[in-house]
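Inside the fold
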Amino acid sequence: MTTAEIIDGRRLADEVRGTVRNAVRNLKDGHQLDLGLAVVLVGDDAASAVYVRNKGKACEDSGIRSFEHRLPADVREEDVLTLIAGLNADDRVHGILVQLPLPPQISAEAVIDAIDPAKDVDGFHIINTGRLAIGTAGAMVPCTPGGCLIMIKKHVADLAGQRALVLGRSNIVGKPIAQLLLAENCTVTMAHSKTRDLADECRRADILVAAVGRPRMVAGDWIKPGATVIDVGINRVETEDGGTKLVGDVDFNAAAEVAGAVTPVPGGVGPMTIACLLRNTVIAACRQKGIEPPAMG
Ligand SMILES: NC(=O)c1ccc[n+]([C@@H]2O[C@H](COP(=O)([O-])OP(=O)(O)OC[C@H]3O[C@@H](n4cnc5c(N)ncnc54)[C@H](OP(=O)(O)O)[C@@H]3O)[C@@H](O)[C@H]2O)c1
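What comes next is a walk through the structure. What you see is a predicted model; the values in this text were computed from it and never measured.

1. Overview of the sheet that holds strand β2 (residues 36-42)
Strand order in this open sheet of 3 strands is β3-β2-β4, and the pairing throughout is parallel. Among the strands making up the open sheet, the edge pair consists of β3 (65-71) and β4 (95-98). Pairwise comparison of adjacent strand axes, ignoring direction, gives a mean angle of 15° for this sheet. Against the sheet, helix α2 (residues 46-62) touches β2, β3 and β4, its axis set at about 170° to β2.

Below you can see the structure in the form of C-alpha cells.
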C-alpha cells in the first residue's frame, strides 16, 4: 500500500520554470537584457543528444536564447578550448554548458577549467565547487543537487539537525548535495561503495538521497519509516516484454510503503535538473550585470 507522498518533480519544475520565465521577461523589459545559454555537444552519443535537445527546448520555452554547438567526436581538445574561449568573450552568452561525457581525447577537467566561472551554469568549475565547499556567497550550485534541495525543502519544514544520508560521492551529484545539506545544518553522512553496513546507515536517515547508478538498489527495509527519499538514479533496465524502461536507484514501490515522501523515476529529480539549469542561467546573467538575482522557485 502506498502511504508516502509522491513528490511530483514535473509540477515543481513547472513552478520553477514559471518563475524563471517571469524573471527573463523582467530582465528584458527592465534591463534590456536578452539571456543566452550556449550548449556544447561533442560527438553523437544518443542520450547526450536527447539531453541537449531538451535543454534547447526548455530555453526557448523560458525566453532564453539557446546557442547550440555540435562538434564531431574526433574534434581536438584545443578546438573545444578555442570554442569555449569564444563563448566566454561573447556578450550574448550568459551561461555555458558542456554536455558530459566527452570523448577520450578531450580532458573534461581542462574543458571545465576553461569556462569562465561566472558563466559556469553547471557549477562544475573548481571556483564554484570551492565556493560551495567553504560556504561563500556567489557559488553556482550544480543543477541536480540544487533541484534535490528544492524538493527536500518543500517536504521537510526544518532541515536543522535532520540526519541526511547521501549515497554516492561523485563530484557532480553526491558531494555537492552533501555540501548543500550541511549548509542547511543537517547531520550529513556520505556513503559509497566501500561503506560498511550500508543498509543500517540508510535506515538511520531522515533524508536519504540515492545517487549511485544501481537499479533499485535501495530496498524498502533500508528506509526509515517516514523518511524523505530523493532518487537521483537514472537506470535503463529491460522489461519482461523485451522492451526497456527507466528506473531509479530506489525500489520505488517498496519505498512508497515506508517513506514519508519519495521521488519517482522518471518524473522526479530529472525535470528539476533542467529547471535549475534555466534558473542558474538567470542567476549568472544577473551577477554578470550587477543585478540582484530574483527569487525563483
Ligand atoms: N536525474 C538527473 O538529472 C541526474 C543527473 C546526474 C546523474 N544522474 C544519475 O544519478 C546516478 C549517479 O550519477 P553519478 O554521476 O553521481 O554516478 P557516479 O559518478 O558513477 O558515482 C556513483 C557513486 O555511487 C557509488 N556506488 C556505486 N556502486 C555502489 C554500491 N554498490 N554501494 C554503494 N555505493 C556505490 C560510487 O562509490 P565509489 O565512489 O566508492 O566508487 C560513487 O560514489 C546515475 O544513475 C546517473 O544517471 C541523474
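The discussion continues.
2. Looking at the environment of Pro117
Along the polypeptide, Pro117 turns up in the loop between α4 (108-114) and α5 (126-134). Take Pro117: its relative accessible area is 24%, and that puts it in the partly exposed class. In this structure, the C-alpha to C-alpha distance between Pro117 and Ile96, residues 21 residues apart in sequence, is 9.5 Å. Each residue touching Pro117, except ones within four places of it in the same chain, is listed here: His125, Ile127 and Asn128.

3. Quick look at the site of the ligand
Taken together, 21 residues surround the ligand, and among them Arg169, Ser170, Ser193, Ile234 and Thr273 come closest. The dominant element in the shell around the ligand, judged by the number of residues it contributes, is helix α10 (residues 269-289), at 3 residues. Along the lines of polarity and charge, the residues of the shell around the ligand split into 9 nonpolar, 10 polar and 2 charged.

4. Re the pairing of β4
Side chains of β4 alternate between two faces, with Gly95 and Leu97 and Ile96 and Val98 buried alike. Both β2 and β4 contribute to a ladder of 4 bridges, which runs parallel. The residue bridging Ala38 from the neighbouring strand is Ile96, located in β4.

5. Describing the pairing of strand β5 (residues 163-167)
Successive side chains on a regular strand alternate, one facing one side of the sheet and the next facing the other. Burial of β5 is extensive: 4 of the 5 residues sit out of reach of the surface. Of the pairings in the sheet, the one linking β5 to strand β6 (residues 187-191) comprises 5 bridges and is parallel in character. Counterpart to Ala164 in the pairing with β6 is Val188. The parallel pair β5 and β6, bridged by helix α7 (residues 174-183), forms a crossover whose chirality is right-handed. Alignment of β5 against strand β7 (residues 207-210), held across 4 bridges, turns out to be parallel. The partner of Leu167 across the bridge, within β7, is Ala210.

6. Concerning the pattern of salt bridges
As enumerated under the stated definition, the model contains 13 salt bridges in all. With its nearest N and O atoms 3.6 Å apart, the salt bridge here joins Arg76 to Glu78. Assessed through its relative accessible area of 47%, Arg76 is described here as partly exposed. In this structure, the salt-bridge partner of Glu184 is Lys153, at a minimum N-O distance of 3.0 Å. Separated by 31 residues along the polypeptide, Glu184 in the loop between α7 and β6 and Lys153 in helix α6 (residues 143-155) bring together distant segments of the chain. We classify Glu184 as partly exposed; its relative accessible area is 25%.

7. Observations concerning the packing of helix α1 (residues 9-31) against α10
Two numbers describe how α1 lies on α10: the axes approach to 8 Å, and their chain directions differ by 20°. The pairing of α1 with α10 is recorded here as roughly parallel in orientation. The chirality of how α1 crosses α10 is left-handed. Seen from α1, the contacting residues are Gly9, Arg10, Leu12, Ala13, Val16, Arg17, Val20, Ala23, Val24 and Leu27; seen from α10, they are Pro271, Met272, Ile274, Ala275, Leu278, Arg279, Val282 and Cys286. The residue inventory of the contact of α1 with α10, partitioned by class, reads 14 nonpolar, 1 polar and 3 charged.

8. Focus: the sheet that holds β7
Overall, parallel pairing links the 6 strands, which are arranged β1-β11-β8-β7-β5-β6 in an open sheet. Edge positions in the sheet fall to β1 (5-6) and β6, since each has one partner strand and no second. Note: strand β8 (residues 228-231) against strand β11 (residues 261-262), 2 bridges, orientation parallel. If you follow Thr228 over to β11, its bridge partner there is Ala261. Seen against the sheet, α7 touches β5, β6 and β7 and runs at an angle of roughly 170° to β6.

What counts, and where the lines are drawn
- Per-chain numbering applies: the sequence of each chain, read as written, is numbered from 1 onward.
- Under the rules for a predicted model, residues below a pLDDT of 70 receive no local features and side-chain atom pairs below 80 are neither given nor counted, while totals for whole chains, interfaces and linings still include all residues.
- As a convention, hydrogens and water are excluded, and side-chain values are obtained from all of the structure's heavy atoms.
- At least two DSSP bridges between two strands are needed for those strands to be called paired.
- What counts as a helix is a DSSP run of H or I of at least four residues, what counts as a strand is a run of E of at least two, and both are numbered from the N terminus.
- All axes here are fitted lines through C-alpha atoms, helices being fitted over the stretch that makes contact, and every angle between N-to-C directions spans 0 to 180 degrees.
- When checking whether two residues touch, look at their non-hydrogen atoms; a contact exists if any pair is within 4.5 Å.
- Burial classes: relative accessible area under 20% of the type maximum marks a residue as buried, over 50% as exposed, and values in between as partly exposed (1.4 Å probe, protein chains only).
- To be near a molecule or strand, a residue needs just one of its heavy atoms within 4 Å of it.
- Residues were grouped as follows: Ala, Val, Leu, Ile, Met, Phe, Trp, Tyr, Cys and Pro as nonpolar; Asp, Glu, Lys and Arg as charged; and all remaining residues, including Gly, as polar.
- By convention, a crossover is right-handed whenever its connection, traced from the first strand over the helix to the second and viewed with the strands pointing away, goes clockwise.
- Here, a salt bridge means any Lys or Arg side-chain nitrogen found within 4 Å of an Asp or Glu carboxyl oxygen.
- Any angle that falls under 35 degrees is termed roughly parallel, while one over 145 is termed roughly antiparallel, one within 65 to 115 roughly perpendicular, and all others oblique.
- Should the near helix be turned anticlockwise from the far one by less than a right angle, the crossing is termed left-handed; should it be turned clockwise, right-handed.

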